[in-house]
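# Summary of the model geometry
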Amino acid sequence: MSSGNILTAIDVLNQLVNGIDKTTLETKLITSGWTSTPARGGSKSGQGTIWTSPNNQCSVRIMIQPNGLSYVRVYNGPGGGDPGEQPLNASGKPGSRRETHFILLP
C-alpha cells in the first residue's frame, strides 16, 4: 500500500483483518480516491454504501444493520455484488458467506 492509500481489495482486506471502524475506513477510502453510491439493503442488511476503487477493479459494500452494527463485504468487481462479482475472504479469494462478512469495530 503506497502512501497510506487504499488502492486494492487486498489493501481493504488488510484494514478489515487488523480491525477498523466505519468512519475511519470511509475516510481512508475517500482520501484514496474511491467513489461512493448508495447500496440497496433489505430488512436484515439495512442501509449502506458501495465504494468503488479508483481503477474500477474492486468494490467495498458497507452496510449498517438495523441494530446499528456495521459490516463490510469486498468484491472482485466495481458493482458491490453485481451479477458475476464474488465476495472475497481475508486472503482475497472468493469465499463463503461467513468468510466474506467482516464486522466493523464500533
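Placed above this text is the structure.
About the thresholds
- Residue numbering note: each chain is counted from 1, following its sequence as written.
- Note on the predicted model: pLDDT of at least 70 is required for a residue's local features to be given, and 80 or more for side-chain atom pairs to be given and counted; whole-chain, interface and lining totals, by contrast, use all residues.
- Just so you know, side-chain values use all the structure's heavy atoms and leave hydrogens and water out.
- Paired strands are those between which DSSP finds at least two bridges.
- Every helix listed is a DSSP run of H or I at least four residues long, and every strand listed is a run of E at least two residues long, numbered separately from the N terminus.
- Note on contacts: a residue pair qualifies if any of its non-hydrogen atoms lie within 4.5 Å across the two residues.
- Between N-to-C directions, angles span 0 to 180 degrees; the directions come from axes that are lines fitted to C-alpha atoms, helices contributing only their stretch in contact.
- Side-chain atoms within 4.5 Å are what join buried Ala, Val, Leu, Ile, Met, Phe, Trp, Tyr and Cys residues into a set we call a nonpolar core.
- Between buried and exposed lies partly exposed: a residue is buried under 20% and exposed over 50% of the maximum accessible area for its type, with that area taken using a 1.4 Å probe on protein chains only.

## Focus on the sheet that holds strand 1 (residues 35–39)
By way of backbone hydrogen bonds, the strands of a sheet pair with one another, either parallel or antiparallel. An order of 1-2-3-4-5 is seen for the five strands of this open sheet, with the pairing classed as antiparallel. Single-partner strands in this sheet number two, and they are strand 1 and strand 5 (102–103). Alignment of strand 3 (residues 59–64) against strand 4 (residues 70–75), held across six bridges, turns out to be antiparallel. Note on strand 4: the bridge partner recorded for Val60 is Val74. Strands strand 3, strand 4 and strand 5 of the sheet are contacted by helix 1 (residues 9–18), whose axis makes an angle of about 155° with strand 4.

## A closer look at the nonpolar core
Formed by 18 residues in total, the largest nonpolar core has its most connected members in Leu16, Leu25 and Val74. Here this core takes four residues from helix 1, the largest share from any one element. Among residues more than four places away in sequence, those in contact with Leu16 are Leu25, Val72, Val74, Phe102 and Leu104.

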